[in-house]
Amino acid sequence: MVQGSPVLEIALDKIRENSARVLQKCKEKNIDVVGVTKGFSAMHQIVSAMVAGGIQGLADARMENIIEMRKRHFTNPITLLRIPRLSHVNIVVRYADSSINSEITVMKALAEAAQKMGRVHQIILMVDLGDLREGVLKENVFSTVKQIIQIPGLELIGLGTNMGCFGGVLPSVNNLGILVRLRQAVQEYLGIGLNILSGGATSSLLLVENNTMPKGINQLRIGEGILLGTDTTNNRIIPWLHQDTFRLRAEVIEVKNKPSVPIGEIGQDAFGNIPEFEDKGIRKRAIVALGRQEVYVEGLIPLAKGQKVLGASSDHTIVDVTDSQYEINIGDEIVFGLNYAGLLSASDSRYVKKNFITGENYGS
Ligand SMILES: *Cc1c(COP(=O)(O)O)cnc(C)c1O
């Protein structure tokens, strides 16, 4: 690989500490934490940091990542976090212990695959409580549960739900309370005990902190909080976690003073959008060797005060450095923090090198 930048720096100790803190906070409320690895393409160094922080259960949305974790000899229980494809049932049963599900057809196929391998595959039935992504509607939970428990090769271990994703619906005492009551009803009317109530992702942590998590919710699936110390759905920084866990460095290849409004008739930009510009006069602009081919540029935030991303094309990102707290010259690096979307893209980009940092060795 070509040396130098762009490079994603990863502070493994801070991720380990975030894992331990989230685990501790949830444990106090009898909630188990599943570490979600999809945000960083399940890079084994980061998975190890989560596990070193005490995380046992792991979960990912992609079979490629789950298979990679098994190849790296992680023996932890792993959950597939995207409802399985019919065409994947064999590898799902082979590599994952459990999966989240909402389709009986798929569950029957998982069961068949499991029986052929002499295994039992664990099912978390997803219930859609309003976010309108995956899951059966609550009025269909009984009939679905009745079907699942009759299928040999499957073990129904719990109910789960997902919030704050498609519909942006916030987890609440009300909607998570429905999950708790559904479990009670399944126990009462069908005589079926369910061990796990999986009450969502990072956005559900707020209820743990506020002491309003309905009793009975005993699992959360946490990615963003552990990785970035943020909770995008609730638009907040989680004050008891580290935020300086990932940073992206890119090298400056041009610095020039230029007008802030392009000169000439405006057509579409390279991505088919019609750009608009505010006239701020002449500005000092730095171009870094980083573009949309490398990362999702909207997910980057320059860390130095007074620097602002103006835009990007496939190979170039333009940063206004007129008011930068540091002088920027050719060959310098601009350092960016990342949000979840930025992290997803940078961790999976083959053009972005990865530098794993431990100990105090994490400069600015
Ligand atoms: C991605 C995902 C999570 C983790 O979400 P974070 O916001 O990163 O904590 C949890 N559950 C499911 C089903 C997911 O797809």
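Residues numbered from 1 in each chain as written. Predicted model: local features only at pLDDT ≥ 70, side-chain atom pairs only at ≥ 80, totals over all residues. Heavy atoms only, no water.

**Focus: the site of the ligand**
Moving on, step 1. Around the ligand sit 13 residues in total, of which Lys38, Thr202, Arg221, Gly223 and Glu224 are the nearest.
Moving on, step 2. Between the ligand and the protein, one listed contact pairs an oxygen atom with a side-chain N or O atom of Lys38 at 2.6 Å.
Moving on, step 3. Within the side chain of Arg133, one N or O atom sits 3.4 Å away from an oxygen atom of the ligand.
Moving on, step 4. When the ligand sits alone it has 390 Å² of accessible area, and the protein chains cover 91% of it. (Near = heavy atom within 4 Å. Polar contact = N/O pair within 3.5 Å; in protein donor to acceptor, adjacent residues only side chain to side chain. Areas by Shrake-Rupley, 256 points an atom, 1.4 Å probe, with all protein chains shown as cover.)

**Observations regarding the packing of aromatic side chains**
Moving on, step 1. Inspection of the entire model under this criterion finds one aromatic pair.
Moving on, step 2. With centroids separated by 6.3 Å and ring planes inclined at 50 degrees, the aromatic side chains of Phe142 and Tyr189 adopt a geometry described as tilted. Remark: Tyr189 occurs in helix H7 (residues 173–190) and Phe142 occurs in helix H6 (residues 141–148); sequence separation between them is 47 residues.
Moving on, step 3. Since its relative accessible area comes to 26%, Phe142 is described here as partly exposed. (Phe/Tyr/Trp six-rings, centres within 6.5 Å; stacked < 30°, edge-to-face > 60°. Helix = DSSP H or I, 4+ residues; strand = E, 2+ residues; numbered from the N terminus. Buried < 20%, exposed > 50% of the residue type's maximum accessible area, 1.4 Å probe, protein only.)

**So, the nonpolar core**
Moving on, step 1. Leu227 and Phe246 are the most contacted members of the largest nonpolar core, which totals 91 residues.
Moving on, step 2. Viewed by domain, this core spans two of them, domain 1 (31–237) and domain 2 (246–357), each represented by three or more residues.
Moving on, step 3. Setting aside residues up to four positions removed in sequence, Leu227 forms contacts with Ile15, Gly39, Phe40, Ile46, Met50, Thr245, Phe246, Tyr340 and Leu343.
Moving on, step 4. Listed in part, the 10 residues of the second largest apolar core include Ala59, Ala61, Ile124 and Met126. (Core = buried A, V, L, I, M, F, W, Y, C linked by side-chain atoms within 4.5 Å. Domains from an automatic or database assignment. Contact = heavy atoms within 4.5 Å.)

**Some words on the packing of H6 against H7**
Moving on, step 1. Contact geometry of H6 with H7 gives a least axis separation of 11 Å together with a crossing angle of 60 degrees. Classified by the angle their axes make, H6 and H7 are oblique. Once H6 is placed against H7, the crossing between them reads as right-handed. Taking contact as the criterion, the partners of Val141, Phe142, Val145 and Lys146 in H6 are, on H7, Leu182, Ala185, Val186, Tyr189 and Leu190.
Moving on, step 2. Taken together, the residues of the contact of H6 with H7 break down into eight nonpolar, no polar and one charged. (Axes fitted to C-alpha atoms, helices over the stretch in contact; angles between N-to-C directions. Parallel < 35°, antiparallel > 145°, perpendicular 65-115°, else oblique. Left-handed = near helix turned anticlockwise from the far one by under 90°. Nonpolar A, V, L, I, M, F, W, Y, C, P; charged D, E, K, R; others polar.)

**A look at the domain arrangement of the protein**
The figure often quoted for interface size is the accessible area lost as the parts come together.
Moving on, step 1. Each domain of the protein was delimited in the assignment, giving domain 1 (31–237) and domain 2 (246–357).
Moving on, step 2. The C-alpha-based centres of domain 1 and domain 2 are spaced at 37 Å.
Moving on, step 3. Listed as interface residues are 10 residues of domain 1 and, on the opposing side, 10 residues of domain 2.
Moving on, step 4. The contact between domain 1 and domain 2 buries some 960 Å² in all, and 73% of this surface belongs to carbon and sulfur atoms.
Moving on, step 5. The largest share of the area that domain 1 buries against domain 2 comes from Gly39, Met43 and Leu228, three residues that together contribute 45% of it.
Moving on, step 6. Where domain 1 packs against domain 2, one counts zero salt bridges.
Moving on, step 7. Counting the contacts that link domain 1 with domain 2 gives two residue pairs in polar contact (both at pLDDT 80 or more).
Moving on, step 8. Sorting the residues of the side of domain 1 that touches domain 2 by element identifies helix H2 (44–52) and helix H9 (224–228) as the ones contributing at least two each.
Moving on, step 9. The element that contributes the greatest number of residues to the side of domain 1 that touches domain 2 is H9, accounting for three residues.
Moving on, step 10. Along the lines of polarity and charge, the residues of the side of domain 1 that touches domain 2 split into five nonpolar, three polar and two charged. (Buried area = accessible area lost by both parts, 1.4 Å probe. Salt bridge = Lys/Arg side-chain N within 4 Å of Asp/Glu carboxyl O.)

**Let's talk about the pattern of salt bridges**
Moving on, step 1. In this structure the tally under the stated criterion is 14 salt bridges.
Moving on, step 2. Two residues, Arg21 and Glu17, come together in a salt bridge whose shortest N-O distance is 3.5 Å. Placement of both Arg21 and Glu17 in helix H1 (residues 12–27) is noted, with a separation of four residues, approximately one turn of the helix.
Moving on, step 3. When its relative accessible area of 35% is taken as the criterion, Arg21 is described as partly exposed.
Moving on, step 4. Residue class for Glu17 comes out partly exposed when judged on its relative accessible area of 28%.
Moving on, step 5. With a shortest N-O distance of 3.1 Å, Asp323 and Arg283 are connected by a salt bridge. Placement of the pair is Asp323 in the loop between strand E17 (317–320) and strand E18 (333–338) and Arg283 in strand E14 (residues 282–288), with a sequence separation of 40 residues.
Moving on, step 6. Taking relative accessible area as the criterion, Arg283 reaches 16% and is therefore assigned buried.
Moving on, step 7. One salt-bridge network, in which partners are shared between bridges, spans Glu9, Arg249 and Glu333.

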